[in-house]
Amino acid sequence: MFHVCSDTFFPRAGKGSENERVKVGAMTPSPVLRVAVPVPLRRLFDYLPPSRGDIPAIGARIRVPFGRRQLVGLVVAHADSSAIPLKQLKAVLEAIDKRPLLSESLMKLMHWSARYYHHAPGEVFLGMLPAFVRRGRPAEISRQCIWRISESGRALNEDALRRAPLQRTLLQALTQTPAGLNAAQLADIAKGWRAAMKSLMQRGWAEETARAEESPATTEAIPGPGLNDDQLQAVNAITGSLECFRRWLLFGVTGSGKTEVYIEVMSQVIAAGKQVLVLVPEIGLTSQLVNRVKTRLGVTVAVMHSGLNDSERLHSWMQAHKGMAQVVLGTRSAVYAPFRSLGLIVVDEEHDSSFKQQDGFRYHARDVAIVRARDENIPIILGSATPSLESLYQVKQCNYQMLQLPNRTGRARAPKVELIDMRRTPADSGLSPQLFDALKANLGKEEQSLVFLNRRGYAPVYMCYRCGWLAPCPRCDARLIVHQGSRRLRCHHCGADQPIPGACPQCGTEDLHPIGEGTEKLEETLKQRLPNARIARIDRDSTRRKGSFDDLMNKVEQGEIDILVGTQMLAKGHDYHDLTLVAVVNADQGLFSIDFRAPEHMVQQIMQVSGRAGRGDKPGKVLIQTWHPEHVVFDALKQNNYLVFADKALFERRAAQLPPYAHLASLRGEATSKHNVQEFIAQAYQSGKQIGDTMQIELSAPITSVMEKRAGRFRMQILLQSSKRPELHRHLELWLPLLEEMPLAKKVRWSLDVDPMDLY
Ligand code: ADP
Ligand code: ZN
Ligand code: ZN
């Protein structure tokens, strides 16, 4: 194998000892470098320093030989010895960074992450860097190029580019903006702008110039509303101790002004010369918040999310790194952004499960953010209208301090919530007469409505009435979803995609029908029943095109939409001023799931979407359709009181010894061979059981996943549970090396998930 291997990153069973552990930040002048290399192995690799020049610093990138390849690695530690004889170690080929690229505290965070999530350090240290940095490109702020119109371009006659519409569009845009446009702005104007611009430049009608670094403060700050008493109290509490690690849970109903609290605290932190990290759960939420922060604080905001291309990502990363951006606002992975001087972290919608990465390196950005705040000794604000039970538990334990904003700001009041008992109600496409009446009434008042159903597509089932055939996914234990608009059947689990068949593959008749409803069907029904209403659908299908979500939201804002139909994409963040009615079509999804978190997520989702109603001056109303109106979750929903639900749920979690009262980890295996998964999981269970014998650990017997087959693979898992976190980690440290050595481990795709969110 690789001769460079020496130390293991994690202490191994039997061999592990304290002094073998890597110490981050120990700067002894020494001959051995411990290096994180981007490979999926849970270990670091030892190298000798390059033959010439200084010893590469901790946190600097280097190029190393690895097997037959050359890889970019990161120096994680200096050591004075190696388990491998020094003369067998290879030397670093090249030092890429003269000085550390990553700060000591960021290195420490990544180190903690690799250990806590038991993940390959190379994938943590390098995987969380922008692609260009990871590949060894110089870490510099890229020159921002600007394209301008030239003298001869300006003199051009309108008709000159009649045959090249793209060039003409660009030239028109450049004429209107004599200061020039950058790549991002041009991309917004036309997708294939680069080729067209090249032609324009070749003909001498446009020119390219480089603009130096952007000026730090961009605009003048525009003051916000004066804060109310609750907001002031929250701001004063937080700003009272900005110099140390404090965890705040800002629990405020939707529209209570949480964002104003963040902004006020941020302005004080920025005034003290520090930077702020703001984490949001979804890309869709970034643009509105970025604009709000920019206008209110007049600062540079670096945005980080998966919608950026590689150079945009590098640009944001460098802006944060050099301290040119006072605020970094991003989704999950932004928790690993570099900072010159971080002074505050804000996690908005902290309960949202998209903070948890569901594959590969399975970290939880909110939890990592808390560790980061502790390491940096700074405050962190977790905000939510429906906090996670984990966070509420921490409040009970006096680890977090709760700040409450119980009322909506200004004249807005909490919406009135009513249940519609569907057991005695004839429904048309899942919509009750009461719901139609309410929609009609709202239309008459020229107020906006939102119809929520968390199921996209036309219908969840496609069925033959003659023989009972239900269109199955060929690769999953799941049904195909009908997408009428595109005339396809699709699997929402594996992406399988096929045309809607004209005849039943089982009996040959054409008696095929979609059963049930998704957002597409709702949209269709509403358009038929309310022909005068302007209806828009918002889900992942209708917003695939870049910018289409923002375009639709603008239309809503301009009052060009009467009824919005959509999935949970509608539930969050957006402030709809004229929206007064929210209809929840099917509240029962999640009531009887075997996932113990399902009711929590259901209540959070319904409260979030309900919170969209009545945010302006007019009162709001929420209608919830259910077949189980007596279920306890509806008490909380009717009273609009999340804590009513949370208290009950926490009580149940304690009785069942589930998180947050216990800690979980799950070992999952999947393979195309059912036998291999079964064997692997059975063997893993045996060895796990043996280790666990002496510990306070519960190992569930191997469980077949609810959806046994997914994307052609059979899936099984083992759940580990302990009331003591250190015990759980100690067990995993002993168990993982055994798993790695099992012959079947190479035939089965397996992974470990610490604090899993998605359980079955
Ligand atoms: P949240 O983040 O809790 O949903 P926001 O901070 O977005 O709430 O505030 C909701 C709305 O109320 C926004 O339009 C905001 O500008 C406004 N607002 C916030 N605080 C106040 C205040 N003290 N007085 C008047 N309006 C306010
Ligand atoms: Zn049939
Ligand atoms: Zn599938």
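Above this text you will find the structure in question.
Summarised in this report is the structure supplied together with it. (Residues numbered from 1 in each chain as written. Chains lettered and ligands numbered in written order. Predicted model: local features only at pLDDT ≥ 70, side-chain atom pairs only at ≥ 80, totals over all residues. Heavy atoms only, no water.)

**Brief notes about the coordination of the zinc ion (ligand 3)**
- Protein coordination of the zinc ion (ligand 3) is provided by Cys 473 (SG), Cys 476 (SG), Cys 491 (SG) and Cys 494 (SG), with donor distances spanning 2.2 to 2.3 Å.
- Sequence positions of the residues that donate to the zinc ion (ligand 3) give the spacing C-x2-C-x14-C-x2-C.
- The class for Cys 491 is buried, based on a relative accessible area of 4%. (Donors = N, O, S within 2.8 Å, 3.2 Å for Na, K, Ca; no water. Buried < 20%, exposed > 50% of the residue type's maximum accessible area, 1.4 Å probe, protein only.)

**Side note on the sheet that holds strand S2 (residues 45–47)**
- The five strands are arranged S2-S1-S4-S3-S5 in an open sheet whose pairing can be described as antiparallel. Here the strands that pair on one side only, and so sit at the sheet edges, are S2 and strand S5 (94–95).
- Across five bridges, strand S1 (residues 32–36) lies against strand S4 (residues 69–79) in antiparallel orientation. Note on S4: the bridge partner recorded for Val 35 is Val 75. (Pairing = 2+ DSSP bridges. Helix = DSSP H or I, 4+ residues; strand = E, 2+ residues; numbered from the N terminus.)

**Examining the site of ligand 1**
- Neighbouring residues of ligand 1: 16 residues in total, closest Gly 226, Gln 231, Lys 258, Thr 259 and Arg 292.
- With respect to ligand 1, the backbone of Gly 226 contributes an N or O atom lying 2.8 Å from a nitrogen atom.
- Gly 255 places a main-chain nitrogen or oxygen 3.0 Å from an oxygen atom of ligand 1.
- Classifying every residue of the shell around ligand 1 by side-chain character gives three nonpolar, eight polar and five charged. (Near = heavy atom within 4 Å. Polar contact = N/O pair within 3.5 Å; in protein donor to acceptor, adjacent residues only side chain to side chain. Nonpolar A, V, L, I, M, F, W, Y, C, P; charged D, E, K, R; others polar.)

**Re the packing of aromatic side chains**
- Evaluated as defined, the whole model comprises 13 aromatic pairs.
- Geometrically, the ring pair formed by Phe 45 and Phe 66 is edge-to-face, given 5.1 Å between the ring centres and 90° between the ring planes. You can see Phe 45 sitting in strand S2 and its partner Phe 66 sitting in strand S3 (residues 61–66), a full 21 residues away along the chain.
- Looking at Phe 66, the relative accessible area reads 1%, which means it is buried.
- Pairwise contacts between aromatic rings join Trp 112, Tyr 116, Tyr 117, Tyr 336, Phe 361 and Tyr 363 into one cluster.
- Between the NZ or CZ atom of Arg 137 and the centre of the ring of Phe 132, over which it lies, the distance is 3.7 Å.
- The ring of Phe 436 carries Arg 529 above its face, with NZ or CZ at 3.7 Å from the centroid. (Phe/Tyr/Trp six-rings, centres within 6.5 Å; stacked < 30°, edge-to-face > 60°. Lys NZ or Arg CZ within 6 Å of the ring centre and 35° of its normal.)

**A word on the sheet that holds strand S9 (residues 247–252)**
- In spatial order, the strands read S11-S12-S10-S13-S14-S9-S15; together these seven strands make up an open sheet with parallel pairing. Of all the strands in the sheet, the pair left with one neighbour each is strand S11 (301–304) and strand S15 (401–405). Ignoring strand direction, the axes of neighbouring strands in this sheet form an average angle of 20°.
- Bridge analysis of strand S10 (residues 275–279) against strand S13 (residues 342–348) gives five bridges, and the strand direction is parallel. Across the sheet, Gln 275 pairs through a bridge with Leu 342, a residue of S13.
- Its contacts with the sheet put helix H9 (residues 258–271) on S9, S10, strand S12 (327–330), S13, strand S14 (380–384) and S15, and the angle it makes with S13 is roughly 170°. (Axes fitted to C-alpha atoms, helices over the stretch in contact; angles between N-to-C directions. Contact = heavy atoms within 4.5 Å.)

These results come straight from atomic positions and should not be treated as a statement about function.
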